[in-house]
Amino acid sequence: MTFTDEIKRRRTFAIISHPDAGKTTLTEKLLLFGGAIHVAGAVKSNKIKKTATSDFMEIEKQRGISVATSVMGFEYDGYKVNILDTPGHQDFQEDTFRTLTAVDSCIIVIDAAKGVEAQTRKLMEVCRMRKTPVMVFVNKLDRPCNDPFDLLDEIEKELQIKVRPLSWPIGNGELFKGVFNIYENNLYLFQASKQTITEGVAISNINDKSVDEMIGDSAAATLREELETIEGVYPEFDVDSYLKAEVAPVFFGSALNNFGVRELLHCFLKIAPSPQPATTDKRQVNPEEEKFSGFVFKIHANMDPNHRNRIAFVKVCSGKFERNKNYHHVRLNKDLKFSSPTAFMADKKSIIDEAYPGDIVGIPDSGNFKISDSLTEGEVMNFKGIPSFSPELFRYIENDDPMKQKQLAKGIDQLMDEGVAQLFVHQFNNRKIIGTVGALQFEVIQYRLLHEYQAACRYEPIALYKACWIESDDEAELAEFKKRKVQYMAKDKDGRDVFLAESNYMLQMALEGFKHIKFHFTSEF
Ligand code: G4P
């Protein structure tokens with residue numbers, strides 16, 4: 001197989017949803033179809049969401065488990081599929097955003113009874129910003145739900161993207177019989193099964209009498225009528241519009257019962273994008289380029305307290321990654337080679353000799369990497385598009401054990417490199433402020449500092465509304481701003497200026513009063 005063929009056959013994507021819509025179940029079923037696992041339930045995915053907020057030990061244990069399921073790769077029908085897992089809990093949303101920088105497309109799962117929910121809307125915003133092609137899987141059709149046409153309207157409106165159904169449900173709730181495959185124009189009926197895949201019967205002509213026999217006269221008549229309406233209402237499906245993120249193909253089904261999953265998977269493999277070019281601060285990088293390049297989009301701490309090793313997840317953007325070859329760590333301006341890079345196949349992890357664009361390589365790390373680090377064959381360039389979001393929750397972090405000052409500083413540093421939260425140093429009083437997007441992170445940080453770094457910390461309240469990065473071409477105005485707001489200025493980890501607004505009112509006043517200052521709400525500008 002040529003290098004280009006290897007790239008073309010790769011599909012790297014994430015499944016995203018509001019908690020409980022069925023992301024984990026769908027992931028499992030895709031693995032089941034792909035033959036990567038044989039019985040559903042074999043892969044325990046990221047179930048953080050099921051845990052009570054205060055039960056952080058359980059959360060950490062589960063984060064440990066999720067290392068194994070961070071990337072689930074499998075081979076199916078000549079394709080190499082890489083599913084990137086994302087945490088369900090909304091406090092870990094930033095992890096999800098970062099993972100979305102490493103995928104070429106997304107499948108959004110929606111609960112048919114609940115419709116589009118808050119977190120789905122937010123995730124879709126990120127996809128829209130990045131122009132990531134998305135497919136929608138409307139799940140749980142085995143439960144009573146809204147009319148599918150209404151659901152389509154809701155998705156179009158709420159997710160702000162045109163939709164085009166490519167499969168269609170036959171009934172719902174107790175009367176749910178399966179889905180018609182609009183994309184392949186056939187009907188594939190089989191017995192519901194929660195555990196394994198059963199063989200079905202394919203019917204290619206919707207007017208065939210056997211359709212009436214199998215699903216009943218009335219359901220058959222409704223199906224024919226609805227299919228006609230679809231053809232009348234929706235323009236013909238255009239793959240290019242999907243690839244340009246202008247149209248989202250929609251599939252219906254029940255992941256739990258295996259309905260509609262095959263239809264989704266087959267279409268996905270055929271039309272979803274193979275690895276796409278990536279942007280750096282210098283130029284665009286094409287996957288077909290001969291030289292290897294990639295970036296770290298996620299760092300996962302190993303939960304074993306005896307080994308402070310972490311795994312850095314590197315997305316290969318171009319060229320072939322090889323074991324034991326020297327690569328240039330751009331930020332550190334240092335060459336490194338990796339003797340035990342790992343790949344992830346379903347629920348297993350193994351050392352690999354090479355990886356191609358689209359693949360994710362796990363590199364054991366003892367502190368060399370932080371999120372968004374770039375690796376190349378010598379070229380000095382940094383991959384873009386891994387922003388930190390302006391945090392919304394803040395606390396001062398204080399040392400609670402004078403003997404462990406060093407450990408605390410090191411621990412905080414490393415946790416920030418992992419992207420658990422953001423650290424700001426208040427310029428007025430020199431105190432350290434932790435900023436997060438979710439409340440859970442504070443507990444996670446305290447727990448991990450103690451257990452991994454033997455450092456005790458305590459938090460003290462600070463009333464802040466938002467932290468935003470500021471810059472200006474007008475040096476005088478910037479200096480004036482910093483002088484006037486001296487009590488509200490901080491530096492981020494990279495020494496950049498951050499304005500700490502105590503209230504929305506204060507932020508608005510600053511925006512209006514200083515027209516030449518740019519206020520940024522993500523770290524990448
Ligand atoms: P998530 O990862 O998006 O959070 O959702 P997950 O797959 O864990 O599914 C959430 C719940 O919805 C699970 O039930 C799961 O069994 C159920 N579910 C998923 N797909 C379907 C479907 O097609 N039909 C129906 N009726 N239910 C579905 P649970 O009771 O919360 O968990 P479990 O004990 O079954 O794992």
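Refer to the preceding data block for the structure.
Description of the structure in this document.

Calculation notes
- Residues numbered from 1 in each chain as written.
- Predicted model: local features only at pLDDT ≥ 70, side-chain atom pairs only at ≥ 80, totals over all residues.
- Heavy atoms only, no water.
- Helix = DSSP H or I, 4+ residues; strand = E, 2+ residues; numbered from the N terminus.
- Buried < 20%, exposed > 50% of the residue type's maximum accessible area, 1.4 Å probe, protein only.
- Areas by Shrake-Rupley, 256 points an atom, 1.4 Å probe, with all protein chains shown as cover.
- Phe/Tyr/Trp six-rings, centres within 6.5 Å; stacked < 30°, edge-to-face > 60°.
- Lys NZ or Arg CZ within 6 Å of the ring centre and 35° of its normal.
- Axes fitted to C-alpha atoms, helices over the stretch in contact; angles between N-to-C directions.
- Parallel < 35°, antiparallel > 145°, perpendicular 65-115°, else oblique.
- Contact = heavy atoms within 4.5 Å.
- Nonpolar A, V, L, I, M, F, W, Y, C, P; charged D, E, K, R; others polar.
- Core = buried A, V, L, I, M, F, W, Y, C linked by side-chain atoms within 4.5 Å.
- Domains from an automatic or database assignment.
- Patch = residues over 30% accessible without salt bridge, like charges linked within 9 Å, V, L, I, M, F, W, Y side chains within 5 Å.
- Salt bridge = Lys/Arg side-chain N within 4 Å of Asp/Glu carboxyl O.
- Lys, Arg positive; Asp, Glu negative; His and termini not counted.
- Charge placed at Lys NZ, Arg CZ, Asp CG, Glu CD.
- Pairing = 2+ DSSP bridges.
- 1 Å grid on protein atoms, 1.4 Å probe; cavity = no way out; pocket = protein on both sides within 12 Å on 5 of 7 lines; lining within 4 Å.
- Points joined across faces, edges and corners; volume = space filled by probe spheres on them.

Here we come to the overall build of the protein chain. A tally of helices and strands in the protein chain yields 14 helices and 31 strands. Burial analysis of the protein chain (525 residues in total) assigns 56% to the buried set. Total accessible area computed for the protein chain in this model is approximately 22,600 Å², and 48% of it derives from carbon and sulfur atoms.

We now examine unusual backbone geometry. One non-glycine residue, A245, adopts positive backbone phi at about 65 degrees. Among the structural elements, A245 can be located in the loop between α9 (239–243) and β11 (247–252). Here the phi dihedral of Q454 falls at roughly 50 degrees; this positive angle occurs in a residue that is not glycine. Secondary-structure assignment places Q454 in the loop between α12 (440–453) and β27 (457–461).

Time to look at the packing of aromatic side chains. Taken as a whole, this structure holds 18 aromatic pairs when the rule is applied. Consider the rings of W168 and F252, whose centres lie 5.3 Å apart with planes at 70 degrees: the pair is edge-to-face. With W168 in strand β7 (residues 167–170) and F252 in strand β11, this residue pair connects regions lying 84 residues apart in the sequence. According to the relative accessible area criterion, W168 is buried, its value standing at 0%. Among the aromatic residues, those joined into a ring-pair cluster are F292, F321, Y327, F338 and F369. Just above the ring of F313 sits the side chain of K298; from NZ or CZ to the centre is 5.6 Å.

With their axes 10 Å apart at the nearest point, helix α2 (residues 23–33) and helix α10 (residues 261–271) run at an angle of 70 degrees to one another. Comparing the axis directions of α2 and α10 gives the class roughly perpendicular. Contact residues: α2 offers L26, K29, L30 and F33, while α10 offers V261, R262, L264 and L265. Of the residues that constitute the contact of α2 with α10, the class distribution is 6 nonpolar, no polar and 2 charged.

What follows covers the nonpolar core. One recurring pattern in soluble globular proteins is that nonpolar side chains are buried together. Within the largest apolar cluster, 81 residues are counted, with the highest numbers of intra-cluster contacts made by L100, V138, W168, F321 and F369. If one sorts the elements of this core by residue count, strand β15 (residues 310–318) sits on top with 6 residues. Counting only domains with at least three residues in this core, you end up with domain 1 (3–74 + 86–271) and domain 2 (278–376). With residues up to four places along the chain from it excluded, the contact list for F321 reads F292, V316, Y327, F338, P341, D353, E354, A355, V361 and I363. Of all hydrophobic cores here, the second largest spans 32 residues; its members include L32, F237, L264 and A272.

The topology assignment puts M489 in strand β29 (residues 489–491). Taking relative accessible area as the criterion, M489 reaches 4% and is therefore assigned buried. Sequence separation of M489 and N429 is 60 residues, and the distance between their C-alpha atoms is 10.0 Å. Leave out the neighbours within four places in its chain, and M489 touches V425, H426, Q427, F428, I470, F481, K482, D497, V498 and F499.

For the rest of this paragraph, the subject is a negative patch on the surface. A surface patch of like charges, here negative, comprises D147, D150, D153 and E156. Among the structural elements, D147 can be located in the loop between β5 (134–139) and α6 (148–159). Under the relative-accessibility criterion, D147 is labelled partly exposed at 33%.

Let's shift gears to the sheet that holds strand β30 (residues 497–501). If you walk across this open sheet you meet the 8 strands as β27-β24-β26-β25-β29-β30-β28-β31, and the pairing is antiparallel. Two strands bound the open sheet, and with one partner strand each, they are β27 and β31 (518–520). For this sheet, the mean inter-axis angle between neighbouring strands, taken without regard to orientation, is 40 degrees. The sheet contact formed by strand β25 (residues 422–426) and β29 spans 2 bridges and is antiparallel. When the sheet's bridge partners are listed, V425 is paired in β29 with K491. Helix α11 (residues 405–417) rests against β24 (393–399), β25, β26 (432–436) and β27 of the sheet, and its axis sits at about 150 degrees to β24.

Here E236 shows up in the loop between α8 (217–233) and α9. Looking at E236, the relative accessible area reads 72%, which means it is exposed. Sequence separation of E236 and R164 is 72 residues, and the distance between their C-alpha atoms is 8.2 Å.

This next bit is on the layout of surface pockets. Reported here for the largest pocket is a volume of approximately 820 Å³. Looking at the largest pocket, it is lined by 30 residues, and the ones nearest its centre are I371, S372, D494, R496 and S523. Mapped by element, the contributors of at least two residues to the lining of the largest pocket are α4 (93–100), α11 and β25. Class assignment of the residues belonging to the lining of the largest pocket gives a composition of 10 nonpolar, 7 polar and 13 charged. Both domain 2 (278–376) and domain 3 (393–520) contribute no fewer than three residues apiece to the lining of the largest pocket. Estimated volume of the second largest pocket: approximately 490 Å³. Around the second largest pocket, the lining is made up of 25 residues, and of these V103, R130, Q276, P277 and A278 lie nearest the centre.

What follows concerns the side chain of E477. Topologically, E477 is positioned in helix α13 (residues 475–484). There is no salt bridge for the buried E477, and the closest opposite charge comes from K515, which lies 9.1 Å off by N-O distance. With residues up to four places along the chain from it excluded, the contact list for E477 reads F514, K515, H516 and I517.

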